[in-house]
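# Chains, contacts and geometry: an overview
One letter stands for each residue in the lines below.
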Amino acid sequence: MKASKLLKIIRKNLKDYPIDYLKNKVTDERYRDPLTKKLAKYNSGVYDEIYSIDISDDFEIDDDLIKGIRSDIGFYFDRYSAGDDENKRFTEYVSLYLALIAKRPLHPYSEDKKDDVYHFNGDYYCKGRMKYIHDEKSLCRYCVCKTVGFSGLF
């Protein structure tokens, strides 16, 4: 499938998502966990980006890769959050965009090497990848992040 076609599918399937709810988590005092706020900010920014970009250099994306990501997200939601179809669909399409079109990490990242996911010299690195890549149906298999070597953890 062409990336431009996948982007159209993503846009169509996210158009009714209540994005204002997610955007409000960033400033809502009821959400005290900094990770929740960081994820809300990252994912709502990705949502906005999905509707603002155009693909000028279209490229092919393997259909089996798309099916694999969708299946693995389905596995995760069936196991840990059954019935949460709205967030499953949001996670699925944002992940497809990040992994296959934007080619950026599935998690928020920074330029600070002290953070778990960071950008350095043109590459993305994840300190948790070494551990989580072996989990059943891990989305780490699709993420662009490189594994941080043992010495990079300190």
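These notes cover the structure that comes with them. For clarity, every value in this text was computed on a predicted model and none was experimentally measured. (Residues numbered from 1 in each chain as written. Predicted model: local features only at pLDDT ≥ 70, side-chain atom pairs only at ≥ 80, totals over all residues. Heavy atoms only, no water.)

## Some points on the overall build of the protein chain
Helix and strand counts for the protein chain come out as 6 helices and 3 strands. Taking 154 residues into account, the globule formula puts the C-alpha radius of gyration at 15 Å, and the protein chain, at 16 Å, falls close to it. For the C-alpha atoms alone, the extent of the protein chain along its principal axes is close to 45 × 40 × 35 Å. Each of the 154 residues in the protein chain was classed as buried or not, and the buried ones make up 36%. The long-range fraction of contacts in the protein chain, counting pairs at least 24 apart against all pairs at least 6 apart in sequence, stands at 59%. Total accessible area on the protein chain is roughly 9,600 Å²; 50% of this is exposed by carbon and sulfur atoms. (Helix = DSSP H or I, 4+ residues; strand = E, 2+ residues; numbered from the N terminus. Rg over C-alpha atoms; globule rule 2.2 N^0.38 Å. Buried < 20%, exposed > 50% of the residue type's maximum accessible area, 1.4 Å probe, protein only. Contact = heavy atoms within 4.5 Å. Areas by Shrake-Rupley, 256 points an atom, 1.4 Å probe, with all protein chains shown as cover.)

## Observations concerning the sheet that holds strand β3 (residues 146-147)
Sheet architecture is open: 3 strands sit in the order β1-β2-β3, paired in mixed fashion. Strands with a single pairing partner mark the edges of an open sheet, and in this sheet they are β1 (117-120) and β3. Across 4 bridges, β1 lies against strand β2 (residues 123-126) in antiparallel orientation. Counted as the bridge partner of Val117 is Cys126 from β2. (Pairing = 2+ DSSP bridges.)

## A look at the pairing of β2
The turn linking β1 back onto β2 is made up of 2 residues, and Asn121 within it adopts a positive phi angle of 50°. Summarising the sheet, β2 and β3 pair through 2 bridges and their orientation is parallel. Across the sheet, the residue bridging to Tyr125 is Lys146, located in β3.

## Digging into the side chain of His119
Inspection of the secondary structure assignment puts His119 in strand β1. A distance of 3.5 Å separates the side chain of His119 from the side chain of Glu111, its partner in a polar contact. With residues near it in sequence (within four places) discarded, His119 still touches Tyr109, Ser110, Glu111 and Tyr124. (Polar contact = N/O pair within 3.5 Å; in protein donor to acceptor, adjacent residues only side chain to side chain.)

## Overview of the packing of helix α3 (residues 34-52) against helix α5 (residues 85-102)
Packing of α3 against α5 leaves a shortest axis separation of 11 Å and a crossing angle of 70°. For the element pair α3 / α5, the angle class is roughly perpendicular. Once α3 is placed against α5, the crossing between them reads as left-handed. Each of Tyr42, Asn43, Val46, Tyr47, Glu49 and Ile50 in α3 lies in contact with α5, whose residues at this interface are Phe90, Val94, Tyr97, Leu98 and Ala102. Residues belonging to the contact of α3 with α5 are distributed by class as follows: 9 nonpolar, 1 polar and 1 charged. (Axes fitted to C-alpha atoms, helices over the stretch in contact; angles between N-to-C directions. Parallel < 35°, antiparallel > 145°, perpendicular 65-115°, else oblique. Left-handed = near helix turned anticlockwise from the far one by under 90°. Nonpolar A, V, L, I, M, F, W, Y, C, P; charged D, E, K, R; others polar.)

## Brief notes about the environment of Lys88
Relative to the helices and strands, Lys88 resides in helix α5. For the pair Lys88 and Tyr76, spaced 12 residues apart in the sequence, the C-alpha separation amounts to 9.0 Å. Ignoring any residue separated from it by four or fewer positions in sequence, one finds Lys88 in contact with Ile73, Gly74, Phe77 and Asp78.

Don't take any of this as a statement about function, it's just geometry.
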